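Chain by chain, the residues run as shown.
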Amino acid sequence: MDIVEEKQGVIHTFKIKGRLDSNTSQEFEKRVFDVITNGTKSLIIDFRDLDYISSAGLRVILKATKALKREDGKIMLCAMQDYVKEVFEIAGFDSFLPIVSTLDDARRAL
Amino acid sequence: MGNPKKFSFTLKNDISELKNLCRQLESVGDALGLPRRFVFEINLALDELFTNIISYGFNDRSEHAIQVSIAADDGMLTITVEDDGIPFNPIERAKPRLPATIEDCTIGGLGIYLIKNLMDDVWYRRSRDKNVLTLKKKIETI
């Protein structure tokens, strides 16, 4: 998996590419929590180039969302491929995680 | 409907084998002309099962082989996963309920929940000192 980070004003964006599974989720979790620990309160995770996610990936997204909520921060998830979005839907996560269509939508919502 | 098409491969009990699982399933998908979504779904189900087996199924530090067999017959894909770990039925673990709010949401059992939702049928048996899990999924052609 490749992870690219971008900072635009107060918004920190993670662009994740490839497969987010038990093999790669630890690295992603570390990168996300480094940013949260450093005080970032507005996070976007751009799923455009993510081909695959398992429950290990969902676990990181959930942990990050909870951590940000405690700090009065906000997370937005955007640009998911159909298959990836389906995993969020089966898990029931789409009912409480903010998922939007495009990166621009995510920026506007923060 | 002719002879069933069969495939088999072995994975070691190491999380890095998820890459190998993905590669193997892509080649099965190519050989059978399976839709991408279908390959994604069986990959996810087997990923969750494999991750469960290697997390809870072995109580030593030795290398173990996990045998995966796949047969396609009459529009049905049948996958069998065998390991020589301790008697362990992953699908019997606590049944999660879907969370209504983020505060409710815990992640335990989610992998098994995904397996049950992605497959049409899943059952476990202990046979000759092995755990045998059989998963069935109807092949969707579109």
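The structure under discussion appears in the preceding block.
Residues numbered from 1 in each chain as written. Chains lettered and ligands numbered in written order. Predicted model: local features only at pLDDT ≥ 70, side-chain atom pairs only at ≥ 80, totals over all residues. Heavy atoms only, no water.

### Let's talk about helix H3 (residues 82-90) of chain A
1) Next: Buried within H3(A) we find Tyr83(A), Val84(A), Glu86(A), Val87(A), Phe88(A) and Ile90(A).
2) Next: In the stretch just after H3(A), Gly92(A) is the one whose phi turns positive, near 80 degrees. (Buried < 20%, exposed > 50% of the residue type's maximum accessible area, 1.4 Å probe, protein only. Helix = DSSP H or I, 4+ residues; strand = E, 2+ residues; numbered from the N terminus.)

### Re the interface of chain A and chain B
By convention, interface size is frequently given as the accessible area that disappears when the constituent parts associate.
1) Next: Contact residues are listed per partner, giving 26 residues for chain A and 28 residues for chain B.
2) Next: Across the chain A to chain B interface the summed buried area is about 2,400 Å²; carbon plus sulfur atoms make up 62%.
3) Next: For the pair chain A and chain B, the number of links is one salt bridge.
4) Next: Between chain A and chain B we count five residue pairs in polar contact (both at pLDDT 80 or more) in total. (Contact = heavy atoms within 4.5 Å. Buried area = accessible area lost by both parts, 1.4 Å probe. Salt bridge = Lys/Arg side-chain N within 4 Å of Asp/Glu carboxyl O. Polar contact = N/O pair within 3.5 Å; in protein donor to acceptor, adjacent residues only side chain to side chain.)

### Comments concerning the nonpolar core
1) Next: Ranked by size, the top nonpolar core spans 71 residues in total, and within it Phe28(A), Phe47(A), Phe88(A) and Ile79(B) carry the most contacts.
2) Next: The residues touching Phe28(A), leaving out its near neighbours within four places in the chain, are Met1(A), Ile3(A), Phe14(A), Ile16(A), Leu20(A), Ile45(A), Val60(A) and Ile61(A).
3) Next: If you look at the next biggest cluster of nonpolar residues, it comprises seven residues, including Ile11(A), Cys78(A), Ala79(A) and Leu103(A). (Core = buried A, V, L, I, M, F, W, Y, C linked by side-chain atoms within 4.5 Å.)

### Considering the packing of helix H1 (residues 25-37) of chain A against helix H2 (residues 55-70) of chain A
Residue and element names in this part refer to chain A.
1) Next: In the contact formed by H1 and H2, the axes pass within 10 Å of each other and the chain directions differ by 10 degrees. As the angle between them shows, H1 and H2 are arranged roughly parallel. Along the contact surface, H1 presents Ser25, Phe28, Glu29, Val32, Phe33 and Ile36, while H2 presents Ala56, Gly57, Val60, Ile61, Lys63, Ala64, Ala67 and Leu68.
2) Next: Looking at the contact of H1 with H2 residue by residue, the class counts come to 10 nonpolar, two polar and two charged. (Axes fitted to C-alpha atoms, helices over the stretch in contact; angles between N-to-C directions. Parallel < 35°, antiparallel > 145°, perpendicular 65-115°, else oblique. Nonpolar A, V, L, I, M, F, W, Y, C, P; charged D, E, K, R; others polar.)

### Focus on H2(A)
Residue and element names in this part refer to chain A.
1) Next: With 16 residues, H2 extends 23 Å between its outermost C-alpha atoms, agreeing within 8% with the 22 Å of an ideal straight helix rising 1.5 Å per residue.
2) Next: Looking at H2, one finds that the buried residues are Ser55, Ala56, Gly57, Leu58, Val60, Ile61, Leu62, Ala64, Thr65, Ala67 and Leu68.
3) Next: Among the residues trailing H2, aspartate 72 stands out with phi positive, at a value near 60 degrees. (Expected span 1.5 Å × (residues − 1).)

### Comments concerning the environment of Glu6(A)
Residues and elements named next belong to chain A.
1) Next: Position of glutamate 6 relative to the elements: it lies in strand E1 (residues 2-8).
2) Next: Once the C-alpha coordinates of glutamate 6 and arginine 19 are considered, the two residues, 13 residues apart in sequence, prove to be 20 Å apart.
3) Next: Aside from chain neighbours lying at most four places away, what touches glutamate 6 is Ile11, His12, Thr13, Lys15 and Arg107.

### Brief notes about the pairing of strand E4 (residues 74-78) of chain A
Residue and element names in this part refer to chain A.
1) Next: Counting buried positions over the five residues of E4 gives four, a clear majority of the element.
2) Next: Note: strand E3 (residues 42-53) against E4, five bridges, orientation parallel. Within E4, the residue paired with isoleucine 45 across the bridge is leucine 77.
3) Next: Bridge count between E4 and strand E5 (residues 99-100): two bridges; the pairing is parallel. From the neighbouring strand, leucine 77 faces E5, where its bridge partner is isoleucine 99.
4) Next: Note that the unit made of E4, H3 and E5 has a crossover that is right-handed. (Pairing = 2+ DSSP bridges. Right-handed = clockwise from strand over helix to strand, strands pointing away.)

### Concerning the sheet that holds strand E2 (residues 65-73) of chain B
Residue and element names in this part refer to chain B.
1) Next: Taking strand neighbours across the sheet as the criterion, the five strands line up as E1-E2-E3-E5-E4 in an open arrangement whose pairing is antiparallel. Each end of this open sheet is capped by a strand with a single partner; those strands are strand E1 (5-12) and strand E4 (121-127). Within this sheet the neighbouring strands show an average axis-to-axis angle of 15 degrees, counted without direction.
2) Next: Alignment of E1 against E2, held across eight bridges, turns out to be antiparallel. Bridge pairing in E2 links phenylalanine 7 to isoleucine 70.
3) Next: In the packing of helix H1 (residues 17-32) onto the sheet, contacts are made with E1, E2 and strand E3 (76-83), and the angle to E1 comes to roughly 170 degrees.

### Quick word on the pattern of salt bridges
Side chains that differ in sign of charge can pair as their charged atoms come close.
Residue and element names in this part refer to chain A.
1) Next: Considering all chains together, one arrives at 10 salt bridges over all chains under this definition.
2) Next: In this structure, the salt-bridge partner of arginine 48 is aspartate 49, at a minimum N-O distance of 3.7 Å.
3) Next: Arginine 48 gets classed as exposed once you look at its relative accessible area, which sits at 55%.
4) Next: For arginine 108, the salt bridge is made with aspartate 105, and the minimal N-O distance between the two is 2.8 Å. With arginine 108 and aspartate 105 both in helix H4 (residues 103-109), this residue pair falls three residues apart, about one helical turn.
5) Next: Arginine 108 gets classed as exposed once you look at its relative accessible area, which sits at 62%.
6) Next: If you follow the salt bridges from partner to partner, you end up with Glu5, Glu27 and Arg31 in one network.

By themselves, these are just geometric observations and shouldn't be taken as functional.
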